[in-house]
Amino acid sequence: MPPTRYLGSAWAAVHGPVDPRRLCIWTLERGFRGLLPAPTPRPIDWPAVRAAATDLPFDLAGTWRLAALSVAEERPERGLASRNAGEQTNARNAVRAGVAGATALGLRRLVLEPGAVPMPGERGPSDLADPSVDWTPDRIGAQVARRKAGETRALDLACRALFELTRASPDLVFCLTASRTIDGLGTPSSLGLIFEDLPRVRLAYWHETAVCACRQDRLGEPQGEWLERFGHKLAGASLGDWSEGRLHAPPGSGLVDHALLASYLSGVGDRFPVVLELDPAVPPAELAGVRSYLEKFGL
């Protein structure tokens, strides 16, 4: 059976109705099983949405996204790998707040990044999706080298933080995902080391199609490497595209290889969530075409 398709809450918060029950019905009418909760441009009362859907075939994807779709350098969990005690505490508290939010809604997964490498000196640009940054090969090489210098220490701190946080919430699966920043620990090599170091806690992988395509474009990391290395830990996927320097563009408009993704998701079953995450600037008129495009690949 194909995966179950959900709609990302960032787009829904801007284009959908405010009333919780009307929002549920609006989502179902557009061909989605439900929404994936996250911080949104217009705050959504998620307990009210859940209560309003008790008699509807609607749910919240079993998943909570810790950070808003649009944030990069301001992600609340970036400090998980920080050597600064205050930043580390703030990041852990932000994750605990996310755990509390997910638990209150009866959700079983939390999507987050594993933190970022502290960069020595003046940090410089880090958001790979920032259209104002000219990501030349020299600039990328310099930033990658600076990140590499602090990676080992950052990984150790991130693993300690994740171990303690996951052990304190044994009923929740922590889904690690790719970083849109060049200093983030959401890289194929770093995630591989984290999974290797923490084999007995509830960690999984959440595939961000748009971010992985952006990283391939900027850094040369193949999209398929993520799925090849972490397919056995795959807990869900966010569908969006990387098109002309823009994240979360309509699928089919950019560099995401949807045929490749579909080959890895074939047979995952209807309990596997895929979430259409669109930039709120995408107009509602494009939604039907996007859905038709995804259906060609069984997504």
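Residues numbered from 1 in each chain as written. Predicted model: local features only at pLDDT ≥ 70, side-chain atom pairs only at ≥ 80, totals over all residues. Heavy atoms only, no water.

### Some points on the sheet that holds strand 2 (residues 35-36)
Strand order in the open sheet formed by 8 strands is 2-1-10-7-6-5-4-3, and the pairing between neighbours is parallel. Looking at the sheet topology across the chains shown, the edges are occupied by strand 2 and strand 3 (63-65). Looking at chain direction, strand 1 (residues 4-8) and strand 2 are connected through 2 bridges and run parallel. Counted as the bridge partner of Gly8 is Leu36 from strand 2. Its contacts with the sheet put helix 7 (residues 209-219) on strand 6 (203-208) and strand 7 (234-239), and the angle it makes with strand 6 is roughly 70°. (Pairing = 2+ DSSP bridges. Helix = DSSP H or I, 4+ residues; strand = E, 2+ residues; numbered from the N terminus. Contact = heavy atoms within 4.5 Å. Axes fitted to C-alpha atoms, helices over the stretch in contact; angles between N-to-C directions.)

### Thoughts on the pairing of strand 6
Most of strand 6 is tucked away: 6 of the 6 residues are buried. Burial along strand 6 is two-sided: Leu203, Tyr205 and His207 and Ala204, Trp206 and Glu208, pointing in opposite directions, are all buried. In this region the chain leaves strand 5 (residues 173-176), passes through helix 6 (residues 188-197) and returns to the parallel neighbour strand 6; the handedness of that crossover is right-handed. Bridging between strand 6 and strand 7 involves 4 bridges; their strand directions are parallel. (Buried < 20%, exposed > 50% of the residue type's maximum accessible area, 1.4 Å probe, protein only. Right-handed = clockwise from strand over helix to strand, strands pointing away.)

### Section: helix 8 (residues 223-230)
Inspection of helix 8 places Gln223, Gly224, Trp226, Leu227 and Phe230 among the buried residues, and these make up the whole buried set. Within helix 8, the buried residues cover an arc of 160° as seen down the axis, which keeps them to one side. Looking at the buried residues of helix 8, the elements they touch are helix 6, strand 6, helix 7, strand 7 and helix 9 (258-265). (Arc of directions from axis to C-beta.)

### Concerning the state of the cysteines
By the definition in use, this model includes 0 disulfides. With no disulfide of its own, Cys175 lies 14 Å from the sulfur of Cys212, the closest cysteine sulfur. With a relative accessible area of 0%, Cys175 lands in the buried category. (Disulfide = S-S within 2.5 Å.)

So yeah, pure geometry; function would need other evidence.
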